[in-house]
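What follows is the residue order along each chain.
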Amino acid sequence: MAAKNRQTSGTPATALLSKEGVEFTVHTYDHDPAAASYGREAADVLGVEPERVFKTLVAEVDGTLTVAVVPVSGSLDLKALATAVGGKKAAMADPAAVTRTTGYVLGGVSPLGQRKLLPTVIDETAQLFDTMFCSAGKRGMEIELAPDELVRLTGAVVAEIGRDA
């Protein structure tokens, strides 16, 4: 898979992938501000099964901001996330803290190229696919890449953290 659309206003995520020599494809679409779910919108517009499109969520586990990457077809199991990183209690992070720490706006948070590398957990279902989709760091912009590359670049733990919606 070739990296196409690299000239289309890059993000810290796409810059990191290019710097690391990772094969990826950028998929862009016109984001609808009225969309109820950013991830579902991406899956629908791009014509990709929702199980292959992943959303990036940030939770606080025992006081530490932690990234969770789960399929848009389901939801995050906070207890499983805490367990995956050796914590006891998890809750969704404050939106302002997410933006400040990652450098991305909500709905456009990428697990890659964040201002500060946070502990990251990727749902194990990502490994079912040759390529997966995640945010490129902007609403209406997705990256398609190999799950193993995402795990490597984020230093992620792979665990069962998603649940059916």
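Up top is the structure these notes are about.
Here goes a summary of the coordinates provided. (Residues numbered from 1 in each chain as written. Predicted model: local features only at pLDDT ≥ 70, side-chain atom pairs only at ≥ 80, totals over all residues. Heavy atoms only, no water.)

It is worth spelling out the sheet that holds strand S7 (residues 132-138) at this point. Taken in spatial order, the 3 strands line up as S1-S8-S7 in an open sheet, and their pairing is antiparallel. The outermost strands of the open sheet, each flanked by one partner alone, are strand S1 (25-28) and S7. Pairwise comparison of adjacent strand axes, ignoring direction, gives a mean angle of 35° for this sheet. (Pairing = 2+ DSSP bridges. Helix = DSSP H or I, 4+ residues; strand = E, 2+ residues; numbered from the N terminus. Axes fitted to C-alpha atoms, helices over the stretch in contact; angles between N-to-C directions.)

Turning our attention to helix H4 (residues 95-102). Along H4, the residues classified as buried are Ala97, Val98, Thr101 and Thr102. The arc that holds the buried residues of H4, viewed along the axis, is 105°, so those residues lie on one side. On the buried face of H4, the contacting elements are strand S2 (54-61) and strand S3 (64-71). At the C-terminal side of H4, Gly103 shows a positive phi close to 85°. (Buried < 20%, exposed > 50% of the residue type's maximum accessible area, 1.4 Å probe, protein only. Arc of directions from axis to C-beta. Contact = heavy atoms within 4.5 Å.)

Let us look at the pattern of salt bridges. Throughout the structure, instances matching the rule amount to 3 salt bridges. Among the ionic pairs, Arg52 bridges to Glu144, the shortest N-O distance being 3.0 Å. Here Arg52, found in the loop between helix H2 (38-46) and S2, pairs with Glu144, found in strand S8 (residues 141-145); they are 92 residues apart in sequence, far enough to count as distant. For the pair Arg52 and Glu144, a shared accessibility class is recorded, and that class is buried. A salt bridge links Arg152 to Glu149, with the nearest nitrogen and oxygen atoms 2.9 Å apart. Here Glu149 and Arg152 lie together in helix H5 (residues 147-154), a separation of 3 residues that amounts to about one turn. Look at Arg152 and you get partly exposed, because its relative accessible area is 46%. (Salt bridge = Lys/Arg side-chain N within 4 Å of Asp/Glu carboxyl O.)

Let us now look at the sheet that holds strand S6 (residues 120-123). Strands sit in the order S5-S2-S3-S6-S9 across an open sheet of 5 strands; the sheet is mixed. Edge positions in the sheet fall to strand S5 (90-92) and strand S9 (157-159), since each of these pairs with one other strand and no more. Here the average twist between neighbouring strands, direction ignored, is 35°. As judged from the 3 bridges shared by S2 and S5, these two strands associate in the antiparallel manner. In the sheet register, Glu60 faces S5, and the bridge partner there is Ala91. In the packing of H5 onto the sheet, the strands contacted are S3, S6 and S9, and the crossing angle to S6 comes to about 165°.

Most of S3 sits inside the fold, with 7 of its 8 residues counted as buried. Pairing analysis gives 8 bridges linking S2 to S3, with the strands arranged antiparallel. What sits directly across from Thr56, in S3, is Val69. What sits between S2 and S3 in their antiparallel hairpin is a turn of 2 residues, with Asp62 showing a positive phi close to 50°. As defined by bridge partners, S3 adjoins S6 across 3 bridges and the pair is classed as parallel. If you follow Val67 over to S6, its bridge partner there is Thr120.

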